[in-house]
Amino acid sequence: MWRLRRAAVACEVCQSLVKHSSGIKGSLPLQKLHLVSRSIYHSHHPTLKLQRPQLRTSFQQFSSLTNLPLRKLKFSPIKCGYQPRRNFWPARLATRLLKLRYLILGSAVGGGYTAKKTFDQWKDMIPDLSEYKWIVPDIVWEIDEYIDFEKIRKALPNSEDLVKLAPDFDKIVESLSLLKDFFTSGSPGETAFRATDHGSESDKHFRKVSDKEKIDQLQEELLHTQLKYQRILERLEKENKELRKLVLQKDDKGIHHRKLKKSLIDMYSEVLDVLSDYDASYNTQDHLPRVVVVGDQSAGKTSVLEMIAQARIFPRGSGEMMTRSPVKVTLSEGPHHVALFKDSSREFDLTKEEDLAALRHEIELRMRKNVKEGYTVSPETISLNVKGPGLQRMVLVDLPGVINTVTSGMAPDTKETIFSISKAYMQNPNAIILCIQDGSVDAERSIVTDLVSQMDPHGRRTIFVLTKVDLAEKNVASPSRIQQIIEGKLFPMKALGYFAVVTGKGNSSESIEAIREYEEEFFQNSKLLKTSMLKAHQVTTRNLSLAVSDCFWKMVRESVEQQADSFKATRFNLETEWKNNYPRLRELDRNELFEKAKNEILDEVISLSQVTPKHWEEILQQSLWERVSTHVIENIYLPAAQTMNSGTFNTTVDIKLKQWTDKQLPNKAVEVAWETLQEEFSRFMTEPKGKEHDDIFDKLKEAVKEESIKRHKWNDFAEDSLRVIQHNALEDRSISDKQQWDAAIYFMEEALQARLKDTENAIENMVGPDWKKRWLYWKNRTQEQCVHNETKNELEKMLKCNEEHPAYLASDEITTVRKNLESRGVEVDPSLIKDTWHQVYRRHFLKTALNHCNLCRRGFYYYQRHFVDSELECNDVVLFWRIQRMLAITANTLRQQLTNTEVRRLEKNVKEVLEDFAEDSEKKIKLLTGKRVQLAEDLKKVREIQEKLDAFIEALHQEK
């Protein structure tokens with residue numbers, strides 16, 4: 001108790017002497033005091049009031065000291081004043097005052113000048129320990145809550161009365177020695193204070209040591225002190241990392257029987273992923289913070305990112321552009337050091353070299369896939385998540401390196417494309433620009449600094465990083481040049497902070513641990529720290545990572561709520577626009593519309609299997625006859641009918657049918673079947689569905705139909721089997737009943753009448769309108785039509801004279817017709833006479849064949865007797881029956897192939913096309929277009945963004 005009182009009295013007197021002393025002017029700031037001095041500093045002084053340091057937030061570096069339980073100190077109550085004693089109280093008071101004279105009066109009277117000199121020396125040499133305030137236990141800052149210094153001060157006698165007492169000058173040196181030992185023993189700044197004590201022994205020793213040597217010695221001692229604390233922090237960081245890893249592993253295994261919540265940085269990364277696909281057409285842009293890494297090509301951007309991520313995850317190349325598209329890297333804490341893409345479930349173990357190689361290869365493949373043909377870089381972003389114990393939580397975007405010259409093999413617009421991509425990311429007012437500059441090259445060769453200064457002229461969100469400092473220190477003749485670079489004097493740009501890092505010896509096979517050890521060893525021996533060109537917190541990628549993470553989260557907290565409010569306003573505007581334009585429709589985005597169209601298309605394909613066999617055979621038979629009728633009439637029937645007897649007719653027909661079946665007929669039949677399947681499929685796809693029909697799907701259905709038909713190929717074995725069936729059908733001449741005979745006659749009449757009608761139209765086009773049309777419709781014949789008409793009339797006279805005339809005109813007959821026409825003043829060419837004869841004789845032959853067909857209606861009886869003892873021969877009816885039967889059998893065979901095989905294969909092709917379209921976002925955007933689609937798409941994106949932002953903000957508040 002008496003010692004505590006003596007210390008209080010000493011402090012009171014010290015304060016009074018300092019206040020009234022003429023040798024010491026000004027007040028000593030709290031930051032310059034020694035830790036122990038700061039811990040006992042008093043609250044009554046107006047300029048030196050004790051303040052408790054601000055608590056560290058959860059976003060600052062985690063330390064194992066943070067969770068150490070503080071043992072609450074119990075202070076014994078101090079009884080101020082003097083208890084009344086009956087005996088010898090004046091003697092007791094005098095004794096206690098005499099005990100204090102050595103310390104108080106000696107320091108006050110005899111040591112004024114020496115105290116002032118010592119105080120100034122200590123003040124200059126004490127290091128700035130403001131960054132390590134957290135090392136002092138919290139109880140020290142709360143000492144004023146347990147001790148009432150004001151009450152103690154009032155209980156002490158007046159300092160002026162104490163000064164009047166005669167001092168003991170023999171004890172002055174001893175008192176100063178005690179004070180020196182009290183402040184120097186066991187303190188964090190032990191080395192620095194011992195140096196000060198050594199310097200204050202005598203003025204004679206100071207005169208021997210030059211000022212320069214003293215400054216060098218003090219700087220070296222200060223550097224060692226900083227490195228000492230740096231090593232302590234690194235050791236604590238390592239311990240913290242291991243402990244966090246154990247805790248996360250326990251949670252991952254479910255030991256605590258609770259489900260881990262999604263990490264804060266993962267939630268924020270999902271928001272950025274959604275925003276990257278959002279079309280900002282409603283004046284709501286993506287202003288959420290992210291760390292944008294920019295720099296000249298080969299400046300070391302990738303190496304800095306790998307040091308922050310603690311893994312060699314990016315593809316590397318010697319002097320070659322490797323970053324061809326932006327890569328968004330989300331760093332978060334986890335029990336295992338792994339990496340995974342946002343669109344893939346595969347995890348890459350970053351502790352295994354084979355997984356690292358696979359990850360680098362995958363990133364390179366994705367970059368090349370993003371780059372379109374004819375381009376060198378792409379604006380499409382690759383999203384990568386990296387988790388691991390001890391990683392700083394942040395989102396970084398690695399951009400392609402800025403180039404000055406387009407080399408061979410690059411697209412001509414590569415330079416402009418890189419500039420536009422970089423500007424698009426940096427123009428975000430909340431983006432943190434991590435400007436990477438190669439320290440081993442001349443500052444004048446830098447391109448990126450001009451670009452950064454344009455985007456952030458005041459340097460409010462730029463962090464400047466100088467890489468390859470080891471090479472710069474070796475190659476630069478003037479060390480002050482590096483200092484000018486770090487301080488921003490060589491570049492027209494400003495920045496929040498300046499950092500210097502070393503990213504290895506240039507060997508791509510170096511591990512992260514080896515690079516980190518090399519970096520620490522370099523800066524320990526570097527002149528940049530020894531000469532105070534750089535501060536200890538400005539070097540190493542570890543300090544850079546901490547600074548960037550703190551800046552990132554500060555920017556996030558300041559801007560995320562404002563961004564959420566802007567999206568709420570955008571959502572309200574979009575919902576209002578939808579209600580006014582599409583009040584009766586549900587809000588379906590592009591993916592939902594595609595699913596709806598997909599179901600409709602599959603239903604339409606399935607409906608193909610519900611087509612009746614009768615309908616298939618009818619349309620197949622009709623389509624096949626339309627395709628082959630010309631060949632049957634012109635190349636088979638007409639040439640055979642020119643023969644003089646039935647034997648020659650049948651022989652000619654058999655030969656021509658055999659040739660036709662072997663070469664053309666099966667292929668024609670397959671083509672007809674395939675076209676029929678396409679027509680039916682198109683009919684189901686395009687026919688309107690009434691009120692339920694939505695024309696927004698028309699382009700998609702048409703594209704699916706075309707692509708499915710393009711992929712479909714008919715079975716190759718169908719023609720071979722069909723050829724055998726058709727050949728057997730055409731060889732059969734036996735008509736079994738009268739019904740088949742009548743059906744053949746009806747089929748023959750229809751075919752001949754159709755040909756006769758076509759022939760009449762051809763003759764009318766050749767000779768012009770007849771007299772009725774000329775009189776009724778005021779039409780006239782051309783000169784050529786008049787010539788054809790005169791030729792036709794002359795040829796008809798010839799046929800009337802000889803109705804059994806053969807199909808071809810003789811030369812003398814052509815000459816006769818020409819001379820007869822010339823006699824009437826009509827000049828004709830022999831080729832014109834032949835063309836006109838072909839149509840005239842064709843009409844005459846078809847009319848004759850139809851008359852013969854009528855005669856054969858009752859010829860089935862003679863057919864059964866093989867036309868024996870009968871002048872009637874109906875071999876042409878038998879030919880058409882054979883053709884008709886072949887068509888029926890072919891249609892039946894094709895129908896079986898369609899329903900059993902081809903429809904199913906087409907359905908399979910349609911499903912494959914729909915699956916391919918579902919994965920191709922560009923195809924969906926191209927086929928599903930319109931204001932309605934875009935409005936629904938934007939509305940869905942804004943809702944999703946708002947929900948994710950609200951969840952992130954809530955989690956952010958909970959973490960605070």
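These numbers were taken from a predicted model, which means no experiment stands behind them.

Trainee: Explain the environment of Ala 495 to me, and be specific about the residues and the numbers.
Mentor: Mapping Ala 495 onto the fold places it in the loop between helix H19 (480-486) and strand S9 (497-500). Given the relative accessible area of 17%, Ala 495 is considered buried. In sequence terms Ala 495 and Leu 434 are 61 residues apart; their C-alpha atoms lie 9.6 Å from each other.

Trainee: Which residues make up the confidence of the model for the protein, and what values go with them?
Mentor: Caution applies to low-pLDDT parts of the model: their predicted coordinates are not meant to be read in detail. Residues at a pLDDT of 70 or more form 69% of the protein, whose mean pLDDT is 76. Segment residues 253-260 is flagged for pLDDT under 50; beyond a separation of four residues in sequence, or across chains, it makes six contacts in the model.

Trainee: Describe the packing of aromatic side chains, with residues and values.
Mentor: Applying the stated rule across the entire model yields 16 aromatic pairs. Taken together, a centroid distance of 5.3 Å and an interplanar angle of 35° make the contact between Trp 741 and Tyr 863 tilted. A residue pair is termed long-range when its members are at least 10 positions apart, and Trp 741 in helix H29 (residues 738-767) and Tyr 863 in helix H34 (residues 860-864) qualify at 122 residues. Neither residue differs from the other here; Trp 741 and Tyr 863 are each classed as buried. Three or more aromatic residues link up through ring pairs in this structure, and these residues are Trp 625, Tyr 637, Phe 747, Trp 837, Tyr 841, Phe 845 and Phe 880. We note Arg 366 situated over the ring of Phe 341; from NZ or CZ to the ring centre the distance is 4.0 Å. For Arg 683, the ring lying beneath its charged end belongs to Phe 684, and the centroid distance is 4.6 Å.

Trainee: So what's going on with the state of the cysteines? Which residues, and what values?
Mentor: If you walk through the whole model with that rule in mind, you get one disulfide. Covalent S-S linkage joins Cys 856 and Cys 874, the inter-sulfur distance amounting to 2.0 Å. Disulfide Cys 856-Cys 874: torsion about the S-S bond near -100°, hence left-handed. Of this pair, Cys 856 sits in the loop between helix H33 (830-855) and H34 while Cys 874 sits in the loop between H34 and helix H35 (875-919), and the two are 18 residues apart along the sequence.

Trainee: Could you give an account of the packing of helix H22 (residues 541-581) against helix H37 (residues 931-959), naming the residues involved and the relevant values?
Mentor: Two elements in contact, H22 and H37, have axes separated by 8 Å at closest approach and are oriented at 145°. Seen from above, H22 lies across H37 with left-handed handedness. Looking at side-chain class alone, the contact of H22 with H37 contains 16 nonpolar, five polar and eleven charged residues.

Trainee: An account of the pattern of salt bridges is needed here, citing residue identities and associated values.
Mentor: Here the structure, examined in full by the defined rule, presents 40 salt bridges. For the salt bridge of Glu 306 with Arg 312, the shortest nitrogen-to-oxygen distance reads 2.8 Å. Like Arg 312, Glu 306 is buried. For Arg 885, the salt bridge goes to Asp 732, with nearest N and O atoms at 3.6 Å. Here Arg 885, found in helix H35, pairs with Asp 732, found in the loop between helix H28 (718-731) and H29; they are 153 residues apart in sequence, far enough to count as distant. The class for Arg 885 is partly exposed, based on a relative accessible area of 30%. On the basis of relative accessible area, Asp 732 is assigned to the partly exposed category, the value being 23%. It is possible to trace a salt-bridge network through shared partners that takes in Arg 571, Glu 575, Glu 587 and Arg 943.

Trainee: So what about the pairing of strand S2 (residues 327-332)? Which residues, and what values?
Mentor: Strand residues, when the strand is regular, have side chains that alternate between the two faces of the sheet. A large share of S2 lies buried, amounting to six of its six residues. Judged by which residues are buried, S2 turns out to be covered on both faces: Val 327, Val 329 and Leu 331 on one side and Lys 328, Thr 330 and Ser 332 on the other are all buried. When S2 meets strand S5 (residues 382-387), the two strands line up parallel, connected through six bridges. Paired with Thr 330 across the two strands is Asn 385, which belongs to S5. Summarising the sheet, S2 and strand S6 (residues 394-398) pair through five bridges and their orientation is antiparallel. Residue pairing in the sheet places Val 329 in a bridge with Leu 396 of S6.

Trainee: Describe in detail the nonpolar core, supporting the description with residues and values.
Mentor: Residues Tyr 637, Trp 660, Leu 677, Trp 741, Ile 883 and Val 910 are the most contacted members of the largest nonpolar core, which totals 101 residues. When residues in this core are grouped by element, the largest group, 17 residues, is from H35. Once residues lying within four places of it in the same chain are set aside, the contact partners of Trp 660 are Val 628, His 631, Val 632, Ile 636, Leu 665, Pro 666, Ile 883 and Met 886. Counting 67 residues, the second largest nonpolar core, distinct from the first, contains Val 291, Phe 348, Leu 350 and Ile 363.

Trainee: Account for unusual backbone geometry, naming residues and giving values.
Mentor: Excluding glycine, residues mostly have negative phi values, and the peptide bonds linking residues are mostly trans. A positive phi angle, close to 65°, is found at Ser 298, a residue other than glycine. Mapped onto the elements of the fold, Ser 298 is located in the loop between strand S1 (291-295) and helix H14 (301-309).

Trainee: Please provide a residue-by-residue account of the pairing of S9, values included.
Mentor: In S9, alternate side chains face the same way, and those of Gly 497 and Phe 499 on one face and Tyr 498 and Ala 500 on the other are all buried. Pairing analysis gives four bridges linking strand S8 (residues 462-467) to S9, with the strands arranged parallel. Counterpart to Phe 464 in the pairing with S9 is Tyr 498.

Trainee: Describe the environment of Trp 625, listing the residues and the values that go with them.
Mentor: Tracing the backbone shows Trp 625 in helix H24 (residues 613-641). The spacing of Trp 625 and Gln 884 is 259 residues in sequence and 8.8 Å in space, taken between C-alpha atoms. Contact partners of Trp 625, with chain neighbours within four places excluded, come to Val 632, Phe 747, Ala 751, Ile 883 and Leu 887.

Trainee: Can you explain the side chain of Gln 946? Please cite residues and give values.
Mentor: Position of Gln 946 relative to the elements: it lies in helix H37. Within the local environment of Gln 946, its side chain forms a polar contact with the side chain of Arg 571, the two groups lying 3.2 Å apart.

Trainee: Hey, could you go over the sheet that holds S5 for me, with residue numbers and the actual values?
Mentor: In any sheet, the strands associate via hydrogen bonds between backbone groups, in a parallel or an antiparallel arrangement. Strands sit in the order S4-S3-S5-S2-S6-S1-S7-S8-S9 across an open sheet of nine strands; the sheet is mixed. In this open sheet, the two edge strands, each paired with only one partner strand, are strand S4 (348-349) and S9.

Trainee: Help me get a handle on H24, residues and values and all.
Mentor: Taking 1.5 Å as the rise per residue, H24 with 29 residues should run 42 Å; its terminal C-alpha atoms sit only 36 Å apart, a clear shortfall. Of all the bends in H24, the greatest measures close to 50° and is centred on Val 628.

Conventions we followed
- Residues numbered from 1 in each chain as written.
- Predicted model: local features only at pLDDT ≥ 70, side-chain atom pairs only at ≥ 80, totals over all residues.
- Heavy atoms only, no water.
- Helix = DSSP H or I, 4+ residues; strand = E, 2+ residues; numbered from the N terminus.
- Buried < 20%, exposed > 50% of the residue type's maximum accessible area, 1.4 Å probe, protein only.
- pLDDT = per-residue confidence, 0-100.
- Contact = heavy atoms within 4.5 Å.
- Phe/Tyr/Trp six-rings, centres within 6.5 Å; stacked < 30°, edge-to-face > 60°.
- Lys NZ or Arg CZ within 6 Å of the ring centre and 35° of its normal.
- Disulfide = S-S within 2.5 Å.
- Axes fitted to C-alpha atoms, helices over the stretch in contact; angles between N-to-C directions.
- Left-handed = near helix turned anticlockwise from the far one by under 90°.
- Nonpolar A, V, L, I, M, F, W, Y, C, P; charged D, E, K, R; others polar.
- Salt bridge = Lys/Arg side-chain N within 4 Å of Asp/Glu carboxyl O.
- Pairing = 2+ DSSP bridges.
- Core = buried A, V, L, I, M, F, W, Y, C linked by side-chain atoms within 4.5 Å.
- Polar contact = N/O pair within 3.5 Å; in protein donor to acceptor, adjacent residues only side chain to side chain.
- Expected span 1.5 Å × (residues − 1).
- Bend = angle between axes of the 7 residues up to and from the residue.

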